[in-house]
2 protein chains.
Amino acid sequence: MDRLPKCAANHTPLSPLTFLPRAASVYFDRLSLIYGSTHFTWGQTYERCLRLASSLRSLNIGKNDVVSVLAPNVPALYEMHFGVPMAGAVLNAINTRLDANNIATILKHSEAKVFFVDYQYVPVASEAMRLLCDSVGSTISRSSIPLVIVIDDVDSPNGIRLGELEYENLLLSGNPNYVPFSDQILDEWDPITLNYTSGTTSAPKGVVYSHRGSYLSTKSLILQWEMKSEPVYLWSLPMFHCNGWTFTWGVAARGGTNVCIRNTCAEDMYHAITVHKVTHMCCAPIVFNILLEGKPKPPHHHNNQSLLSYPVEVLTGGAPPPAALLEKIEELGFHVTHAYGLTEATGPALVCEWQTKWNALPNHEQSKLKARQGVSVLSLAEIDVKDLETMVSVPRDGKSVGEIVLRGSSIMKGYFKDEEATRKAFKNGWFLTGDVGVIHPDGYFEIKDRSKDVIISGGENISSVEVEAVLYRHTNILEAAVVAMPHPFFGETPCAFVTLRSKSVPKNEETKKEREIIEFCRNSLPHFMAPRKVVFLEELPKTATGKIQKFELRALAKTYRPPPTSSSTPQVKSINQHTTTRRPYDHQHPQLEQVLAISRL
Amino acid sequence: MDRLPKCAANHTPLSPLTFLPRAASVYFDRLSLIYGSTHFTWGQTYERCLRLASSLRSLNIGKNDVVSVLAPNVPALYEMHFGVPMAGAVLNAINTRLDANNIATILKHSEAKVFFVDYQYVPVASEAMRLLCDSVGSTISRSSIPLVIVIDDVDSPNGIRLGELEYENLLLSGNPNYVPFSDQILDEWDPITLNYTSGTTSAPKGVVYSHRGSYLSTKSLILQWEMKSEPVYLWSLPMFHCNGWTFTWGVAARGGTNVCIRNTCAEDMYHAITVHKVTHMCCAPIVFNILLEGKPKPPHHHNNQSLLSYPVEVLTGGAPPPAALLEKIEELGFHVTHAYGLTEATGPALVCEWQTKWNALPNHEQSKLKARQGVSVLSLAEIDVKDLETMVSVPRDGKSVGEIVLRGSSIMKGYFKDEEATRKAFKNGWFLTGDVGVIHPDGYFEIKDRSKDVIISGGENISSVEVEAVLYRHTNILEAAVVAMPHPFFGETPCAFVTLRSKSVPKNEETKKEREIIEFCRNSLPHFMAPRKVVFLEELPKTATGKIQKFELRALAKTYRPPPTSSSTPQVKSINQHTTTRRPYDHQHPQLEQVLAISRL
């Protein structure tokens, strides 16, 4: 039986690109994409992607060339997920929250040949290009500098340009009868996209996905989320996060409709849900706050009924969603599924698969179960929680912690041009997530912390996530982060940084308020796990992707002494200056700043 | 990016075997299998499969060794789908409708090392073993003869034996801590099963599936059928058909419950649906007749409501389901999805994906749309309809016929020890299905005929399937088959063979009845397509799998002259003698004879 050979009929490269011609064949006239008053069908989207690929080939872009793009969730970014790899090239969607310096670093590291820039990001892109030119300096050569192509708004063009070329013109000049891979061979291990991590704990790394991994992840996630045929998918999750958790390709696989929005604000999301009958969306838990705070006011919403006339499926991940927040968002009519993943695992790797028997439990029990990270998607061969020193699995008792490790064909190829980081990420045939978790007796995984975020107090491990979950249940707490604070006796002890709904706390009430919160935690946690200190901030320090920068808070926490000394207001100003420099050309909705807390995804 | 290497963490062999440890981990206590009063959980099923694999290894069964089995849908056959390949071996589930001679041929051709035999099939198996021993004759060597292991009924053992060993004892002697593939390497291109085709048009061929193909097919079919989590799956389709259209593995992937039944009769199916709350089942369209004829009588069933208290999802295939039959079965409360496939495509390759807009159409229009074969599953890279001479695609007009061709990683590795047949099956990077079809303007495929079944009349192609579909709409026609009859002027002309609900037709009424049926066809078909002759049989000649043997009917048709000569009753007796020899040891429900018309699947 081993003599039976592979051939072109029975061994085709696995690639999500195959979903597009299939969609164009089966769902030719069905809406593929809606953006403002722009509507495309799958027939049109296929033709546009062929044109784009052909145009890139005529610019001499081909196998393994990197094509970078800086854009919000507009049609062009969607089309590039097919058009760029159909030219044989590798798509690098850059996080739009990054500054010029970060962007220049990525363009240089990725050796991008083309740099697509949405008109809105022209100022930061020009600055990045200036920095890039400076950095290549005396060794300057044309080949080190990408060709810049601006993306004008396809729905309402405004004429803003950066350089000569414009996306829509380039695309329309392409050949609609282009045949992908006619002049090159596609191997399923070939790279398809390059995604830079946000670097919560270290410098950004370029994660390379293969066609094989993306194909398998896409199918597995549709399956695990049970996304049915003909979904209407709202792009509330940036496509630059793990290629939209693979749904850039997944919506094509399902013959769905992509609803693209430039700004992820409550108004636009509710508008899309109402007008286009959105059935599915993904987002970080922080977007729940946007949806809750910005929900339509009565008469549209009566308190005694859910806000939505039908349940909208929401896949959430990126940070453990506090159970209290899950309860609130589901009351509005959203039906939440919780996933856990990382850029290195091609997006969601675990999904909290719901079990029918749980329906009989009270709401808050259900939310607790739903806040767990869950079970592996089918593209993973195996997942486990291990003691990294011995590589022995922890008992499935819901208590013993270890590092979550994964194996399977949906794990990244590795980090681009970083052999050492790649080597460190893999150990004994496992990918190390860097996340600390437990396995419950029922086989469900739960994250307890990032390895670096564990607080070790008197020899006991304290999960900062667990303490944060309790803080989020407090009605007046909007955001919370818990880190280790040095302690002369215990070594470390938890210190909580919180922002309040009522924004500021009068100086003279801080001590009282702090004690009240500590007491609140002690009602739900062992005393050693409750924060010994609570610091009130106006805003928590965040990375460009909106992930809370715990290393800054840890630095801050070192300046405090544990109680009985009273709390003090820290140098909020300096933290804010450091982290929330608002760019003058950033015309986005201010709430967008909060949206993108999806650094691990 | 090409320098990033594959490693054990990011490139694991795709195999449906991975679904079982995952199921045992996540759904440990959930029911995996019900058979009579026997109940297993996923934890137990995993342990049993490990034991089985370990026992086979201790019998020195390993890489690429064939393990044959002759059994109905009992737990042992389910467990072998994991246990046998977990030993590195290749499972060969033999069609239980075959006779001793067929079975001996398969055992010899496959070089089976072990032959598991369900107690019910001991007589035919002993006869097959006798024939096998005779055939190896003077060259007899122990290695040519498989070790026979009987499978006693796990639910109510009866002590029937053939040789020394018994399945349950063998299994229990195995090691539950066995580690699969610890002493051999699994490559995803390795064979996992060997399925002999029923040979409608030629001698049986051994179709080899790879781990990769089975994995991809399983996931794609769950996705395309939208089979949700926690299904209760009734085994109305024999597992020996393409490994139960991959649902042997698929139910594990979904954490479902397998409901095994020994006899596919109406009583047992309705019992399972009622008692175990079956959600999903697969079957050939002919099973619809069993369900319709054997439906529970009132008071359980009131005419004004559907029979089932909730819709049962049914995936059907193997033969184009007549639209009229679809309508009737759906009235009972079954919700039918139509699939098309072949053994060579690892089961269903096309699924008639339902489109929401079709819900607005009248019932009979819906049934017509549903009777089409549909669109490709996601494991196929491409499907097309081509003129085999030029390999040019036909226009998508719903009229132009050509051969349906497939490409993708779910296509078989090839035919075991048959290089010529393998070479013929593949052409220019395509697998040739041998089925003639059209592509409708909406991208949906529809089969018009098996290549050999096309009737060419006066230079016009007539699809026998199309004529049969009309005949099935006739209230008194139970089964129909249309073949070519020689015609002095037109070359060929359609001849219909039918069985009636009212069974026999008095001799003196045959001509009248024939004219009535021809008239009935002419009301729906162009005159040249309507049968020129109608022959009334008590039973149609069938293969061991229940597929109508058109070559016999063609031979019979050659003995007739076209009208105006009147029809005559043909040699029904001889046909019956040839095809429906009932074995004395076959204790099955007589209706089972009709069940297995799934030769192309």
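Residues numbered from 1 in each chain as written. Chains lettered and ligands numbered in written order. Predicted model: local features only at pLDDT ≥ 70, side-chain atom pairs only at ≥ 80, totals over all residues. Heavy atoms only, no water.

**Regarding the pattern of salt bridges**
Residue and element names in this part refer to chain A.
Link 1 in the chain: Here the structure, examined in full by the defined rule, presents 52 salt bridges over all chains.
Link 2 in the chain: A salt bridge links Lys417 to Glu111, with the nearest nitrogen and oxygen atoms 2.6 Å apart. With a gap of 306 residues between them, Lys417 in the loop between strand E20 (414-415) and helix H14 (419-425) and Glu111 in the loop between helix H4 (100-110) and strand E5 (114-118) connect regions that are remote in the sequence.
Link 3 in the chain: On the accessibility criterion, Glu111 (43% relative accessible area) is partly exposed. (Salt bridge = Lys/Arg side-chain N within 4 Å of Asp/Glu carboxyl O. Helix = DSSP H or I, 4+ residues; strand = E, 2+ residues; numbered from the N terminus. Buried < 20%, exposed > 50% of the residue type's maximum accessible area, 1.4 Å probe, protein only.)

**Focus on the packing of aromatic side chains**
In this description, a pair of aromatic rings is defined by centroid distance and the angle of the planes.
Link 1 in the chain: Within the structure shown, the criterion is met by 23 aromatic pairs over all chains.
Link 2 in the chain: An aromatic cluster is defined as three or more aromatic residues linked by ring pairs; in this entry it consists of A:Trp225, A:Tyr233, A:Trp235 and A:Phe247.
Link 3 in the chain: For the cation-ring pair, A:Lys205 lies above A:Tyr415, with the distance from its terminal atom to the ring centre recorded as 5.1 Å.
Link 4 in the chain: Of note, B:Lys370 hangs over the ring of B:Trp354, and the distance from its end group to the ring centre comes to 4.9 Å. (Phe/Tyr/Trp six-rings, centres within 6.5 Å; stacked < 30°, edge-to-face > 60°. Lys NZ or Arg CZ within 6 Å of the ring centre and 35° of its normal.)

**A few points about the domain arrangement of chain A**
All names here are of chain A.
Link 1 in the chain: The domain boundaries assigned to chain A delineate domain 1 (37-212), domain 2 (284-452) and domain 3 (454-594).
Link 2 in the chain: Averaged C-alpha coordinates put domain 1 and domain 2 at centres separated by 30 Å.
Link 3 in the chain: Taken residue by residue, the interface counts 19 residues in domain 1 and 15 residues in domain 2.
Link 4 in the chain: Taking both sides of the interface into account, the surface hidden between domain 1 and domain 2 amounts to around 1400 Å²; carbon and sulfur atoms contribute 61%.
Link 5 in the chain: Across the contact surface, domain 1 and domain 2 share one salt bridge.
Link 6 in the chain: Where domain 1 packs against domain 2, one counts eight residue pairs in polar contact (both at pLDDT 80 or more).
Link 7 in the chain: The element contributing the most residues to the side of domain 1 that touches domain 2 is strand E9 (residues 206-210), with five residues.
Link 8 in the chain: Its residues assigned to classes, the side of domain 1 that touches domain 2 comprises seven nonpolar, seven polar and five charged. (Domains from an automatic or database assignment. Contact = heavy atoms within 4.5 Å. Buried area = accessible area lost by both parts, 1.4 Å probe. Polar contact = N/O pair within 3.5 Å; in protein donor to acceptor, adjacent residues only side chain to side chain. Nonpolar A, V, L, I, M, F, W, Y, C, P; charged D, E, K, R; others polar.)

**What to know about the relation of the copies chain A and chain B**
Link 1 in the chain: With an axial shift of 0.0 Å and an RMSD of 0.1 Å, the rotation relating chain A to chain B amounts to 180°. Both chain copies can therefore be described as sitting about a two-fold axis. Judged by C-alpha distance, A:Leu223 is the residue of chain A that lies nearest the rotation axis, at 3.0 Å.
Link 2 in the chain: In this assembly, 100% of the residues forming the interface of chain A have copies in chain B that are likewise at the interface, indicating an isologous arrangement. (Least-squares fit on C-alpha atoms with pLDDT ≥ 70 in both.)

**Looking at the sheet that holds strand E1 (residues 31-35) of chain A**
All names here are of chain A.
Link 1 in the chain: Spatial ordering of the open sheet is given by E2-E1-E11-E10-E12-E13-E14-E15-E16, a layout of nine strands whose pairing is mixed. Looking at strand neighbours, the two that pair on one side only are strand E2 (38-41) and strand E16 (375-376), the edges of this open sheet.
Link 2 in the chain: Relative to E16, strand E15 (residues 347-351) is paired through two bridges, and the arrangement is antiparallel. Residue pairing for E16: Val351 is matched across the bridge by Val375.
Link 3 in the chain: In the packing of helix H2 (residues 42-58) onto the sheet, contacts are made with E1, E2 and strand E11 (257-259), and the angle to E2 comes to roughly 90°. (Pairing = 2+ DSSP bridges. Axes fitted to C-alpha atoms, helices over the stretch in contact; angles between N-to-C directions.)

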